[in-house]
Amino acid sequence: MWRLWYRAYRPRPDLRPAPALRQRTGQWQEPVARAPNMLGPETFRFLNETGSVQDPADWNDAAAAKLWLYNLHYFDDLNARDAGQRERWHRALLERWVGENPAGVGNGWEPYPCSLRVVNWVKWALGGADLEAAWRHSLAVQVRWLERHLEYHLLGNHLFANAKALAFAGLFFEGEEPERWLRRGRRILDREVAEQVLPDGGHFERSPMYHLIILEDLLDLLNVHQAYGVEAPAAWREAVGRMLGALPGMLHPDGEIGFFNDAAFGIAPTPAAVLDYADRLGLRGEAIEKPVVALPDTGYYRLAHGPAVCIADVAVIGPDYLPGHAHADTLSFELSLDGQRVLVNSGTSEYGIGAERLRQRGTAAHNTVLVNGADSSEVWSGFRVARRARPLDVDYSADGEELWLAGAHDGYRRLSRALLHRRSWRLGPSGLSVHDELTGPFDEACARFHLHPTATLIEVGQSEARLRTAAGREVVLAPEGGTLRVEPATYHPEFGAVIPTQCLVVAFRGPRCASHLHW
């Protein structure tokens, strides 16, 4: 219904004067500062691609990637590191944007970039910058436009960003109209926080990257309420506590996220930056190291033993109505040794619609079992999923010298009604054993183990592979019930990044196969 409404509804921009500014009565804390992306007055680098805006048409260049153009309109650099050194560029850029992007026309007026830009302009002003009268007027026009174009047809993190922008603008301005923006934004956020932050603290789209994005959003919201002396809902503060508590379950020893579903570095703020922000707001609790961090609602489990950390995915792909950021990665895992990544899912280098986007979302790009060459969940188009895997029989134990996790999924039942994939992980002081079982008929199956680019293969045979990690540790992978081969692969730690690597493939000889890693 909302998709139809969104296509048919064509309101005119509301160009009335901007409301007055609200008087600040509290303290604004410095928010997360990302890496700069403005290289010169007209030059930008987003998603590992450099481009320029020299003419008005460049804001909507048809030859540029949609996501690159979105980033251009976000204005993240206003609040990036050392932003004060680029203030002259920033002021010229705001003047250009207002003059070259007529109300309601082009990429910059789509709700998502509009939402992020509204927040960035307000943050910039709260940080001490002076918004000229024409820019304040434009800001009010943008918020009015956004209020009439809320992304109910997409929901999820998009609607969350829309509501956040309404709340920011409602606090930044004063009067009856801003109060309406604030009420509406808070009403949406109350509902979305209750749904999107799961009981165990994970985000309901099951992407560690989006977990950080939504966590930063909530910290920003608490910050802006504090700056204006307005009490924020207690449920938001409680949700922040749960999300902070869940975050360690998604992190490798290097302090960065694991790559499950859509995830890459450089899009969300780093976990360390988010934790420091929470500290500034007085919200961070004491971190406690645990051998097992269990997130049963989110579906991620982190096992730590000796030099090893294993993060495993026994999660649903996401909300049934919102699988856009899902990968066919059920029962995949990642492994670090001595603080260095060794086995990794391939990551995410692009959005959009195309063969490479589908390949990166597919089962073969992850450390799990591929049956008959089919994906465990039917990913299609750029952000769609048809028949999807459901996790079953999840259990774990932390007794004695071994950590144990097990689960199953039914994603391959479309191939045969009796076909389930069952997997268990056993992590001890000197090794990890991964046991796989397929319960129904199949033609071929293989377990895939993607190496981090810094892990070097020393020797590969049908019965054993030896590799050396970046820390110099030697690891042996020995299959039981399968034969081993190596294939070329690629790793995508950032958008726009393609790094060659290798994948160890264990082909099943029967319904059961175990892969033993020793170090």
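Please read all numbers here as calculations on a predicted model, not as lab measurements.

Summing up its helical and strand segments, the protein has 11 helices and 24 strands in all. Considering only C-alpha atoms, the protein reaches an extent of 75 × 45 × 45 Å along its principal axes. Of all 519 residues assigned to the protein, the portion counted as buried reaches 57%. The long-range fraction of contacts in the protein, counting pairs at least 24 apart against all pairs at least 6 apart in sequence, stands at 67%. Carbon and sulfur atoms form 50% of the exposed surface of the protein, whose accessible area is close to 20,500 Å². Between the mean site of the 55 positive side-chain charges and the mean site of the 65 negative ones, the protein shows a separation of 5 Å.

Here we take up the sheet that holds strand 8 (residues 308-313). Pairing is antiparallel across the open sheet formed by 5 strands, whose spatial order is 6-7-8-9-10. For this open sheet the edge positions go to strand 6 (292-295) and strand 10 (340-343), each flanked by a neighbour on one side alone. Pairwise comparison of adjacent strand axes, ignoring direction, gives a mean angle of 20 degrees for this sheet. Alignment of strand 7 (residues 300-305) against strand 8, held across 6 bridges, turns out to be antiparallel. Residue Tyr300 lies in a different strand from strand 8, and its bridge partner there is Asp313.

If you trace the backbone, Arg384 turns up in strand 13 (residues 384-385). The residues touching Arg384, leaving out its near neighbours within four places in the chain, are Arg3, Arg361, Glu378 and Val379.

This part covers the pairing of strand 18 (residues 445-450). Here strand 18 lies mainly inside the structure; 6 of its 6 residues are buried. Both strand 11 (residues 369-371) and strand 18 contribute to a ladder of 3 bridges, which runs antiparallel. Within strand 18, the position partnered with Val369 by the bridge is Ala447. In terms of strand pairing, strand 18 meets strand 23 (residues 499-508) through 5 bridges, oriented antiparallel. The partner of Arg448 across the bridge, within strand 23, is Val505.

Scoring rules and cut-offs
Residues numbered from 1 in each chain as written. Predicted model: local features only at pLDDT ≥ 70, side-chain atom pairs only at ≥ 80, totals over all residues. Heavy atoms only, no water. Helix = DSSP H or I, 4+ residues; strand = E, 2+ residues; numbered from the N terminus. Buried < 20%, exposed > 50% of the residue type's maximum accessible area, 1.4 Å probe, protein only. Contact = heavy atoms within 4.5 Å. Areas by Shrake-Rupley, 256 points an atom, 1.4 Å probe, with all protein chains shown as cover. Lys, Arg positive; Asp, Glu negative; His and termini not counted. Charge placed at Lys NZ, Arg CZ, Asp CG, Glu CD. Pairing = 2+ DSSP bridges. Axes fitted to C-alpha atoms, helices over the stretch in contact; angles between N-to-C directions.

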